[in-house]
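Analysis of the macromolecular model
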Amino acid sequence: MADPQADRPPDRMAFLTTPRRPRERRDPRERLGDRHEVYRPGALLPIIGAQAARCMDCGLPFCHRACPLGNLVPDWNTLVSRSDWRAAAARLLATNNFPEFTGRLCPAPCESACVLAIDGEAVTIKNVELAIADRAWEQGFDRPQPPERSTGLRVAVVGSGPAGLAAAQQLTRAGHTTTVYERADRIGGLLRYGIPPFRLEKHRLDRRIDQMREEGTRFRTGVAVGGHDLPADLLRARHDALVVAVGATACRELEVPGRRMPGVHQAMTYLTLANRVDEGDLPASPLSAEGRRVVIVGGGDTAADCLGTALRQRAAAVTQLDINPRPPARRAPAQPWPVHPKVYRVTTSHEEAGGEEAEPRVFAATTVGFEAGADGRLAGVRFAEAEPGDRRPRPGTARTLPAELALLALGFSGAGFSGRRRSHGLAAQLGLALDGHGNLARGGDFAAASAGAPGGPADGVFVAGDAGRGQSLIVWAIAEGRAAAAAVDRYLRGATELPAPIAPFDGPLTA
Ligand SMILES: Cc1cc2nc3c(=O)[nH]c(=O)nc-3n(C[C@H](O)[C@H](O)[C@H](O)COP(=O)(O)OP(=O)(O)OC[C@H]3O[C@@H](n4cnc5c(N)ncnc54)[C@H](O)[C@@H]3O)c2cc1C
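Let me sum up the structure you'll find in this document. Here the structure is a predicted model, which means the values were calculated and not measured.

**Describing helix α5 (residues 73-81)**
By the criterion of burial, α5 is predominantly enclosed, with eight of the nine residues buried. If you check which residues of α5 are buried, you get Val73, Pro74, Trp76, Asn77, Thr78, Leu79, Val80 and Ser81. Along its buried surface, α5 packs onto α3 (45-52), α4 (62-66), α6 (85-93) and α9 (125-138). After α5 finishes, the residue serine 83 shows a positive phi value of roughly 60°.

Written as structure tokens, this is what we have:
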């Protein structure tokens, strides 16, 4: 049946008459009974054309500039409002290898920079992206793109998170024989073992990996490059170029009394085990929150994922200690449009905990120690009010929350190349320099900086994603993977036709 919207010109005044409608989520009580994605399947399509039509196609699309990928937002909004899904998919996939991930998981700096958001409600850009991405898979617009001919050149990509995968897909499509090496037993990086399935069901990741295999990308799992499995210099010698995309997986520590007692764990240990249950590796998590009082220390995505996971495991109670003060409800004057602002947000996990009325977060709370019970296991988490500014505990404010499980979600401190947590010899074997944060230093065009020749590049070695930026976002990982692939192609052939994102910039718009 012909689509009635197909030939209709977009209504450029729709932003005046059509209110923003977010994507419909399942009832939180229903969500807590399973680990499927929180959104109601199929609920997006009936509303998305009208939502896309709210785009003003303004002369200065700050949304496009705010996206590290340079997503062509006004273009696909127009095409979706005309129901031209095939063309919309082509425009979306021209700048983003994995819109099904960003459409679900990106904090959407594009929406913060939408012109409508100056004094109203932004276009639901992320939802339009997701609708196009899912439709592209369903209708076969996102097909494998094997190269027409091989260059005969070999590239190794170390790490299979979104940065490594984006780099590998681009390099394979350019005709290079590309192999991804991953130390874990499955491909995907933090998309696989960090983010829970209620935010990204893993069949979506598997489908993308299958597509990459069909295009010719090779995958080797269970290979820690730089360790006993495979020395990094040997890998470099066997390839014409190397992309290091090993992430920033060294968890930040909290050195307070009691840190090592049973019951206190890193959030990533907890989330990885829960994800392994979903993968079918374990019948149940050995680190379950079931029946326990849980305290999560931290305030970001990882903490929210621990909260959603603990609620699904039927924790007796969950409290989250966030060292930062409660953010304002609206942009602070110091974060004017189009900056992506720090504002108070209720994530889907916080919604499941009861929303703002039953707020599980204690803001401006600094954790000062862990207290043991008679059995030597964790019995309480001691915290105090954090002084504004230096965040030191305010005298006389300390109190103890009873807890049997404490999860540390304090972020990541680089890839673990330096210091006590040195995890592998990859940097040393390749002679790579580190920056002041323990990340891999880079010169221009994503080339790794050489430790031996300060300021100079390590020949044929490139760095993409969190390994170079420090902990960041999926959209940045994909953007850097694409840009690094273009840099590798230029290095190998002297020129490239691979598209790179608009010069990745660290300007004030980025998250
Ligand atoms: C719990 C959690 C939730 C998050 N939620 C969001 C979100 O909602 N939105 C968002 O935008 N971002 C989110 N992030 C951040 C996002 O996941 C990362 O920024 C992104 O995954 C970085 O991609 P990457 O490819 O650089 O590294 P990673 O995804 O970390 O992948 C690196 C890979 O390299 C492998 N590796 C490391 N060393 C070696 C070696 N020596 N040899 C072989 N392989 C190696 C690792 O095993 C890993 O698989 C979240 C992070 C966490 C932890």
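**What about the pairing of strand β2 (residues 177-182)?**
The buried fraction of β2 is high, at five of six residues. For strand β1 (residues 154-158) and β2, the ladder comprises five bridges, and the chain directions are parallel. By the bridge assignment for β2, valine 157 is matched with valine 180. Crossover handedness for the path β1 to helix α10 (residues 162-173) to β2: right-handed.

**Let's talk about the site of the ligand**
By nearness alone, 36 residues border the ligand, and Leu105, Glu182, Arg199, Val225 and Asp466 come closest of all. In this structure, a nitrogen atom belonging to the ligand sits 2.8 Å away from a main-chain N or O atom of leucine 105. The backbone of alanine 163 places a nitrogen or oxygen atom 2.9 Å from an oxygen atom of the ligand. Protein chains shield 96% of the accessible area of the ligand, which is 1000 Å² for the free molecule. For the shell around the ligand, the secondary structure elements donating two or more residues are α10, β2, α14 (267-279), α15 (301-312) and α19 (474-493).

**Describing the sheet that holds strand β12 (residues 405-408)**
Spatial ordering of the open sheet is given by β5-β12-β6-β7-β8, a layout of five strands whose pairing is parallel. Lying at the two open borders of the sheet, with one neighbouring strand each, are β5 (264-266) and β8 (361-362). In terms of strand pairing, strand β6 (residues 293-297) meets strand β7 (residues 317-321) through five bridges, oriented parallel. The residue bridging valine 295 from the neighbouring strand is threonine 319, located in β7. Against the sheet, α14 contacts β5 and β12, and its axis sits at roughly 75° relative to β5. Along the sheet, α15 contacts β6, β7 and β12; its crossing angle with β7, the most-contacted strand, is approximately 175°.

What counts and what doesn't
Residues numbered from 1 in each chain as written. Predicted model: local features only at pLDDT ≥ 70, side-chain atom pairs only at ≥ 80, totals over all residues. Heavy atoms only, no water. Buried < 20%, exposed > 50% of the residue type's maximum accessible area, 1.4 Å probe, protein only. Helix = DSSP H or I, 4+ residues; strand = E, 2+ residues; numbered from the N terminus. Contact = heavy atoms within 4.5 Å. Pairing = 2+ DSSP bridges. Right-handed = clockwise from strand over helix to strand, strands pointing away. Near = heavy atom within 4 Å. Polar contact = N/O pair within 3.5 Å; in protein donor to acceptor, adjacent residues only side chain to side chain. Areas by Shrake-Rupley, 256 points an atom, 1.4 Å probe, with all protein chains shown as cover. Axes fitted to C-alpha atoms, helices over the stretch in contact; angles between N-to-C directions.

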